[in-house]
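Architecture at a glance
Listed below are the residues making up each chain.
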Amino acid sequence: MKWSLSELSQKGAKPLHIDTMVDVTASIKERNKDILAVSPAHVHGLFSMDSLGLLGYLEVTVSVTVPSTRSLKPVKIPLKFNTSEYYVSHYESNMERFDDNDVVIILDNDVIDLGQIVEDNILLHIPMKILTEDEKQHAADLRGSDWNLSEEDSQRNDGDGVDPRMAKLKDFFKTDK
C-alpha cells in the first residue's frame, strides 16, 4: 500500500485508519539473509496531519524466524511493537520544529510505502540475542570440550575486581600533577 504525501495532506484533519495484513517476506529476506521466515504482519494504526507534518502511528504484530545466536537452530520470535514517525518531503528544509525525541523520515519521492515502513521496523525490533527454549533453560551451564562457564563464574568476573593481566594498565591514563 502506497500513498503520496500530497494525497494524505489533502485529507486535512481526518486521519487515514489502517487495519491490514502486509506481507514483506521476499523483500525482508533479501535485505537480511539471516531471516529464515516472516509471517504476514498485521498492521493497525493511522496516518494523520498535525502542526508538524504527517504523523504515522502504527501497531505491528508479526512472527519472525531467525537462527539462534548460539546453536543456529531456527527460533520463531513473536514481535509486537508500536511505531510513531513523522514523514516529511525531501523538499522540506526546516527540521528545527521537531523535538530531539521525534523520529522523522524524509521521503525521497514523497511516497509513503507501508510495506517499507513495516519492513524497516521489523528489522529494528529483532533482538540481538536469540536462544531456543532449551538454550534458555540451560543458559547457566555452558561447557565445551576443554572449558566451562557457569553463572557463578560470570557473576564473579563482572565484579569490581581487576583482571590481573590488566592490572598494569589501570594507571595508564593517570596524570601526575
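Scroll up to find the structure this text is about.
These numbers come from a predicted model, not from an experiment. (Residues numbered from 1 in each chain as written. Predicted model: local features only at pLDDT ≥ 70, side-chain atom pairs only at ≥ 80, totals over all residues. Heavy atoms only, no water.)

Right, let's talk about the side chain of Ser48 for a bit. Along the polypeptide, Ser48 turns up in strand 4 (residues 41–49). Excluding its chain neighbours within four sequence positions, the residues that come into contact with Ser48 are Pro15, Gly53, Leu54 and Leu55. (Helix = DSSP H or I, 4+ residues; strand = E, 2+ residues; numbered from the N terminus. Contact = heavy atoms within 4.5 Å.)

So, on to the pattern of salt bridges. Using the criterion set out here, one finds 3 salt bridges in the structure. Residue Glu119 is joined to Arg31 by a salt bridge in which the shortest nitrogen-to-oxygen separation is 3.0 Å. Taken together, the residues span a long stretch of sequence, with Glu119 in helix 3 (residues 114–125) and Arg31 in helix 2 (residues 25–31) at a distance of 88 residues. What makes Glu119 buried here is its relative accessible area of 4%. We classify Arg31 as partly exposed; its relative accessible area is 47%. Note that Lys136 and Glu133 form a salt bridge whose closest N and O atoms lie 3.5 Å from each other. Taken together, the positions of Lys136 and Glu133, both in helix 4 (residues 133–137) and 3 residues apart, correspond to about one turn of that helix. Put simply, Arg31, Glu119 and Asp120 are held in one network by salt bridges that share partners. (Salt bridge = Lys/Arg side-chain N within 4 Å of Asp/Glu carboxyl O. Buried < 20%, exposed > 50% of the residue type's maximum accessible area, 1.4 Å probe, protein only.)

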